[in-house]
Every structure is written in structure tokens, then in C-alpha cells.
Amino acid sequence: MKTMTTSGGAPIADNQNSATAGPRGPVMMQDYQLIEKLAHQNRERIPERVVHAKGWGAYGTLTVTEDISKYTRAEIFSKVGKQTPLLTRFSTVAGELGAADAERDVRGFSIKFYTEEGNWDLVGNNTPVFFIRDPLKFPDFIRTQKRHPKTNLRSTTAMWDFWSLSPESLHQVTILMSDRGIPKTPMQMNGYGSHTFSFYNTDGERFWVKFHFKTQQGHAHYTNAEGAELIGQTRESYQEELFGAIERGEHPKWTMYVQIMPEADADKTSYNPFDLTKVWPHSEYPLIKVGEMELNRNADNYFAEIEQAAFSPSNVVPGIGFSPDKVLQGRLFAYADAHRYRIGTHYEALPVNAPKCPVHHYHKDGSMRFFQNDTGNPDAYYEPNSVGGPSQDESYREPPLTVTGDIDRHNHRDGNDDYVQPRALFELFDAGQRERLFSNIAAAMGGVPDEIVQRQLAHFEKIHPDYAQGVADALGVTLLR
Ligand code: NDP
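Anyway, here's the lowdown on the structure attached to this text. (Residues numbered from 1 in each chain as written. Predicted model: local features only at pLDDT ≥ 70, side-chain atom pairs only at ≥ 80, totals over all residues. Heavy atoms only, no water.)

1. What about the packing of helix α11 (residues 450-463) against helix α12 (residues 465-475)?
To characterise two packed helices, one gives the angle between the axes of the helices and the distance between these axes. Condition: A fitted line through C-alpha atoms represents every axis, and for helices the fit uses only the stretch in contact; the resulting angles, taken between N-to-C directions, go from 0 to 180 degrees. By the criteria applied, helices consist of DSSP H or I runs no shorter than four residues and strands consist of E runs no shorter than two, each listed in order from the N terminus. By the convention used here, residues are in contact when the closest approach between their heavy atoms is within 4.5 Å. We call Asp, Glu, Lys and Arg charged. Ala, Val, Leu, Ile, Met, Phe, Trp, Tyr, Cys and Pro are nonpolar, and the rest, Gly among them, are polar.
α12 packs onto α11 with a crossing angle of 145° between their chain directions and a minimal axis gap of 5 Å. Residues Val453, Leu457, Phe460, Glu461 and Ile463 of α11 pack against Pro465, Tyr467, Ala468, Val471, Ala472 and Leu475 of α12. Here the residues of the contact of α11 with α12 are counted per class, giving 10 nonpolar, no polar and 1 charged.

2. A look at the site of the ligand
The condition that has to hold: By convention in this text, a residue qualifies as near a molecule or strand provided that one of its non-hydrogen atoms is within 4 Å of it. Definition of a polar contact: a pair of N or O atoms within 3.5 Å, with one able to donate and the other able to accept a hydrogen when the atoms are protein atoms, and with sequence-neighbouring residues admitted only if both atoms are side-chain atoms. For the accessible areas, the method is Shrake-Rupley and the probe is 1.4 Å, while residue cover comes only from the protein chains on display. Segment limits for the domains were obtained from an automatic or database-derived domain assignment.
The full set close to the ligand counts 20 residues, and His171, Arg180, Asn190, Lys214 and His282 are the nearest of them. Contacts to the ligand include Asn190, whose side-chain N or O atom sits 2.7 Å from an oxygen atom. Bound to the protein, the ligand loses 78% of the 790 Å² it would expose on its own. Counting only elements with at least two residues in the shell around the ligand, the list comes to α4 (170-177), β7 (206-215) and α9 (420-428). In terms of residue count, α9 provides more of the shell around the ligand than any other element does, 4 residues in total. By residue class, the composition of the shell around the ligand is 10 nonpolar, 8 polar and 2 charged. No fewer than three residues from each of domain 1 (55-132 + 180-352) and domain 2 (420-475) sit in the shell around the ligand.

3. A few points about the packing of aromatic side chains
This is how it is decided: Here is the rule: rings of Phe, Tyr and Trp (six-membered ring for Trp) pair when centre to centre is within 6.5 Å. Planes less than 30 degrees apart are stacked, more than 60 are edge-to-face, and the remainder are tilted. Partly exposed residues are those whose accessible area sits between 20% and 50% of the maximum for their type, while under 20% is buried and over 50% is exposed, using a 1.4 Å probe and protein chains only. Sitting over a ring, as applied to charges here, requires NZ of Lys or CZ of Arg to be within 6 Å of the ring centre and within 35 degrees of the ring normal.
With the rule as written, the count across this model stands at 27 aromatic pairs. Taking the centre distance of 5.1 Å and the plane angle of 90° together, the rings of Tyr381 and Tyr382 count as edge-to-face. Taking relative accessible area as the criterion, Tyr382 reaches 42% and is therefore assigned partly exposed. An angle of 10° between the planes, with centres 4.4 Å apart, marks the rings of Phe460 and Tyr467 as stacked. An aromatic cluster is defined as three or more aromatic residues linked by ring pairs; in this entry it consists of Phe130, Phe131, Phe138, Phe141, Trp160, Phe162 and Trp163. When the ring centre of Tyr114 is taken as reference, the NZ or CZ atom of Lys356 above it lies at 4.3 Å.

4. Let's talk about the pairing of strand β9 (residues 288-297)
For clarity, the cut-off: Between any two strands, pairing holds if DSSP finds at least two bridges.
Pairing geometry for strand β1 (residues 55-64) and β9, over 6 bridges, is antiparallel. Opposite Tyr59, over in β9, you have Arg297 as the bridge partner. Where strand β8 (residues 253-262) and β9 come together, 6 bridges link them in antiparallel fashion. Residue Val258 lies in a different strand from β9, and its bridge partner there is Ile288.

In short, shape yes, function no, at least from these values alone.
Right, dumping it as C-alpha cells:
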């Protein structure tokens, strides 16, 4: 049996009794084992994520089954049959760390691919779009999803006030309130990179790209009533289902697809292809199969490997680039910033976040500096240097991303239709799906003032008259036309 030690490595003779002056106490200041134990417990929490706090994850593999190397030079897609290890983390958006899993919410769908050219993080959702198209709106939007400062309760009024004043949210609100708003398990939902990214190939040609992961387990969802009943029995249904399936050797799979848009097409589409509230219709940009993602290993330590897993869309690799998507640009800053704050400066050196390829940077001190720079020479601690330290490699230069325009606070609502794509989705729904959409929205609008309800109904009317009428009927209110 191993001997228990202090964190300093000293063997512990008694872990049952504090050191006291006599059997009735008091305890001694010199009982550093007691002090260390109490002090460690005080430090067991790190700040929870402001969004996506409650999560579930697992390790797995991406296997490339089709050749897409004409679009990207990324090593991960370099040949059919290539396998890349990965980590996923799924999450709800609004709920806190102790929130119930089976709540109606968008689900985060993040993947960290440990490639030979560095980590590529695809930090997406189970929906192809989002509520906003300008990152300046993000803190306000999230505020409406969180607790009211006075009541400390979530406020349906705040949610619908913001949404009804932000018609760009209609597409995502329709998805959220549809059957897909409460997936039964993380295995039974799709994943989307959501943003438009770019690919560039060895010839320096750029393509715009969207990423899709389609579940092979089939879609399955709870109704509001089923979700509420389940939450009454367990708040941890996703952890139970995902962890349990992988322990039993039932490895969930997703088929990976891309949509590819030639660079010049971006000026020709009727919608802004960099608008996060829009999809690219499949009829215009069909899904191109890439490979298969399988999850096959649970983490050994949830906190170390899932809670401290740090995904950032800024982690791209050669062959994958960004786009003018405004919300993507905002997230490129916000995600890594959040991790430096909540985990520490060198969070990417933690085993779960560390690349599996060599890392040679010149960043220096800071919290959790527990690794060597590995520059091959102790004198190489700045760059450029004359001692052969790591230096840049021109062969990885990304082709220029050409964007023109006046710097201004351009109105993000000008020239953007907010109704056509929600209408396309609404028209996909059969009668039963529509009824459930109406009743889910009505349930979510409980207590919302009439003025806000009518403002929202006017938006639904512009999507489809049946949409507005259906919600009005479910609410039992008269639609003011
Ligand atoms: P298609 O008929 O080619 O595709 C419809 C898409 O809708 C499928 O990807 C399907 O996913 C998905 N879908 C079905 N029900 C729901 C739901 N309740 N919530 C979210 N997605 C759902 O249509 P288009 O490409 O012309 O797009 C029409 C509408 O479909 C869009 O306006 C958008 O709302 C939605 N959609 C489109 C996507 C795209 O990338 N083009 C992606 C996802 C949704 P699945 O195949 O897994 O069943």
C-alpha cells in the first residue's frame, strides 16, 4: 500500500486525529497537516464559466474518410484514414454549475483536436446559428439569461424584452423553442461550428467553410413535461448518459461535414454569409462529407480534464483561418481571456489543454509556470537570438484575408433580413412540431407584460401568419394585426 503524504511529500503518520494539547484540545497551530487540508479545501473551486458552466465531456478520435485536401492544407485532413485524438465538452449555456441537464437551452458542442500542427478548437453549439450577430450585444444578451440583480431569479420578461427588441434572435429562438430545444442526451444532437471560418490550401487559395457534425445516434428530444419529470428524478441526466454509455463501450459517433463557399461568392449571396444568425442553405452549398468522430474514453478526473478543459476559437492550425464574422472576431478575444482569468496564465500547459506536438514559445513567467521553455538553449529566452532558438517559418504564412470598407459603427441590422430563414425552418415543421413550438413559446412567456408579448408576436407574424396566430392561441391572447 502507498504511504499517504503531505503535498510536500512528507509521510503522514495519523490522518484521523488533529494534534491537540491534551485530549480536549485546543488544536495546535503546528498541525500543518490540518492547516494544509483546510487550506486546500478552501481553494477547490475556480470561477465557474460565466456561460456554458455546466458541462460533460469525453475523449475520442476523428477519422478522415474523404479527401478534402484541395480546400485546406491542414495536416488533420491530409489523407484518408488519418486519425486525430480529440476532447469534446458539451454544455448548457445559461445554467450555472449545479443546473439541471435536461433544461431547455442551447447546448455547447466544443471539440479540441490535438493535431501535429497544434490544437484546433472548434467551439460550437448544437445549433447552426446564434441569437446575435454583433459581439457588442453578447454581455447584454447573456445578462437576460442570468439572474435579475434584485430578485436573484431568472426573468422571462428580460429574455423576451431583449429578444423582441432584437429580431436577429428569431432564428435561434425558433430552434430553441422547437423540439430540438431539449435533446435527450449529448449523443442525440448535432454539432455545428456555427461561425463561418476559412480554409486555405497549399496554393494559397481561400474558401469559406462551415462545419457540421451530424449525430449517428439519431435525434431524440424531451418535451417540456418529460424534461420537468426527469429533472425531478435526476439533475445529472447528461453526465449519467454520456459517461455511462462510454463506460459500457457504447461509443457515440457523428459524421463530419463541411460546406464550402468559394471566396468570391461571399459578395453574391442574398444573405451575409458571415452573419451568425444565418445558415447557408444546403441547396446552395451542399454538405461535403469529411469523416467520423467517435467518443470512446471518459476522463479519469472530471475537474482536471473537463472543468479545466479550455477551448478557444482562436486555436486554429495552418490551413484553417478566420472570417469577417463579427461574433467570431469577438470570441477570438473573449475565450482565451476567460481561461487566463479563471484557470491561469499558462492554462494551455495543463495536460488536458497541452498540444501533443512540440511547443516552443517565449512567454515567460506567471501563474502555474511549471514547465520548461524547451528552446534547446537556456540563453534562448528572447527572439530573435543568435543561439539557435526557435524562430518563425515562412512556409506557414497564411494568404492575406482581404477585407475592405470604411471603419465605422455600421448598423448591423441594415440590409439583413431576419425572417426568411426562420420561415424556411418553420415551413419544415409538421403540424405536431408547430403545436409544440407554440406551446413551448407560450410556456416560456409566462408573466411577460402584454406590450412585450405583442412586440414579439409582430415578429412572428413577419415570419409566418400561422406562427403568430399559433403562439397567440397558445397564450390565449388576441393577435393585434
Ligand atoms: P434543408 O431542408 O436542406 O435542411 C434542413 C435542416 O434543418 C437539416 O440540417 C436538419 O437537420 C435541420 N433541422 C430539422 N429540424 C430542426 C430543428 N427543429 N432545429 C434545427 N434544425 C433542424 O434546409 P436548408 O438548408 O434550406 O435550411 C432550411 C432551414 O433549416 C434553415 O433556415 C435553418 O433554420 C435549418 N437548418 C439549416 C442548416 C444548414 O446548414 N443549411 C443546418 C441546420 C438547420 P438534420 O439533417 O440533422 O435533421
